[in-house]
Amino acid sequence: GGQKRANYLTLPATPATQEAKFASIDPKFRPFVDRIFAMLRGQGYQPYLVNGWRNPDSQAGLKASGASTVLFSLHNATRNGKPAALAVDIANASGEGNSEAFYAALGRAAEGIGMTWGGSWTGFRDLPHVQMGGVSLPRDPDEARRKFLV
C-alpha cells in the first residue's frame, strides 16, 4: 500500500516524561493501559510508566546487555512513521514498591481485560511488561520490523 515505512534516522529518542511516554502509546492500546492504571490505583498502588515507546537503537542495547531477548519489540512499533507502542512497562511508586503483590495485581489487571502480561511467560519472565492482547511478534527481527514499523 501507500503507507510510509518509518526511517530509523527520523525516529525520535525514547520519551523521558510520563506525559511523553503515554503519548507514545498506540491509540488502540492506550485505553487498555488507562484501564490497567485505574484498576491498580483502585487497589492503592501508584503505577507509572517505565517505558512506552522505545527507540529501536535502545532496544538493540537492551538485547546486547541481556535485559531483553528480542532485537525488535512491540515497544518499538510505529504508525505512519510516528511512535505507536503496543507494549508498556509498568512499575509502582507507592510504599511497597515493585513487590510480588504489585506484579500479581498488574498481571490480573492486564490479563483480566485481554492483554498479554510478561510475567506469565516461561523462560524470560518480564514482570513489568504488558502488551496488546492478540498481537504476536515474529521471532525474526526483520519480519517484525516489516510488520510493526509502518
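In this report, we go over the structure that sits alongside the text. (Residues numbered from 1 in each chain as written. Predicted model: local features only at pLDDT ≥ 70, side-chain atom pairs only at ≥ 80, totals over all residues. Heavy atoms only, no water.)

## So, the packing of aromatic side chains
Two numbers describe a pair of aromatic rings. These are the distance of the centres and the angle of the planes.
Part 1 of the argument: Counted according to the given criterion, the structure contains three aromatic pairs.
Part 2 of the argument: Relative to Tyr 103, the ring of Phe 102 lies with its centre 5.2 Å away and its plane at 65°, an arrangement referred to as edge-to-face. Of the two residues, Phe 102 and Tyr 103, neither departs from the other in class, the shared state being buried.
Part 3 of the argument: A connected cluster of aromatic rings, assembled from ring pairs, spans Tyr 45, Phe 102 and Tyr 103. (Phe/Tyr/Trp six-rings, centres within 6.5 Å; stacked < 30°, edge-to-face > 60°. Buried < 20%, exposed > 50% of the residue type's maximum accessible area, 1.4 Å probe, protein only.)

## Some thoughts on the sheet that holds strand 1 (residues 47–51)
Part 1 of the argument: If you walk across this open sheet you meet the four strands as 1-4-6-5, and the pairing is antiparallel. Every other strand in the sheet has two partners, leaving strand 1 and strand 5 (116–117) as the edge strands with one partner each.
Part 2 of the argument: On the sheet, helix 2 (residues 30–42) packs against strand 1, strand 4 (87–92) and strand 6 (129–131) and is oriented at approximately 140° with respect to strand 1. (Pairing = 2+ DSSP bridges. Helix = DSSP H or I, 4+ residues; strand = E, 2+ residues; numbered from the N terminus. Contact = heavy atoms within 4.5 Å. Axes fitted to C-alpha atoms, helices over the stretch in contact; angles between N-to-C directions.)

## Focus: the pattern of salt bridges
Part 1 of the argument: Considering all chains together, one arrives at four salt bridges under this definition.
Part 2 of the argument: A salt bridge links Arg 30 to Asp 34; the shortest N-O distance between them is 2.8 Å. Taken together, the residues Arg 30 and Asp 34, both in helix 2 and four residues apart, mark about one turn of the helix.
Part 3 of the argument: Residue class for Arg 30 comes out partly exposed when judged on its relative accessible area of 29%.
Part 4 of the argument: Under the relative-accessibility criterion, Asp 34 is labelled partly exposed at 33%.
Part 5 of the argument: The closest approach of N and O atoms between Asp 142 and Arg 145, which form a salt bridge, is 3.1 Å. Here Arg 145 and Asp 142 lie together in helix 5 (residues 141–148), a separation of three residues that amounts to about one turn.
Part 6 of the argument: Accessibility expressed as a relative area gives 45% for Asp 142, which makes it partly exposed. (Salt bridge = Lys/Arg side-chain N within 4 Å of Asp/Glu carboxyl O.)

Structural measurements only, silent on function.
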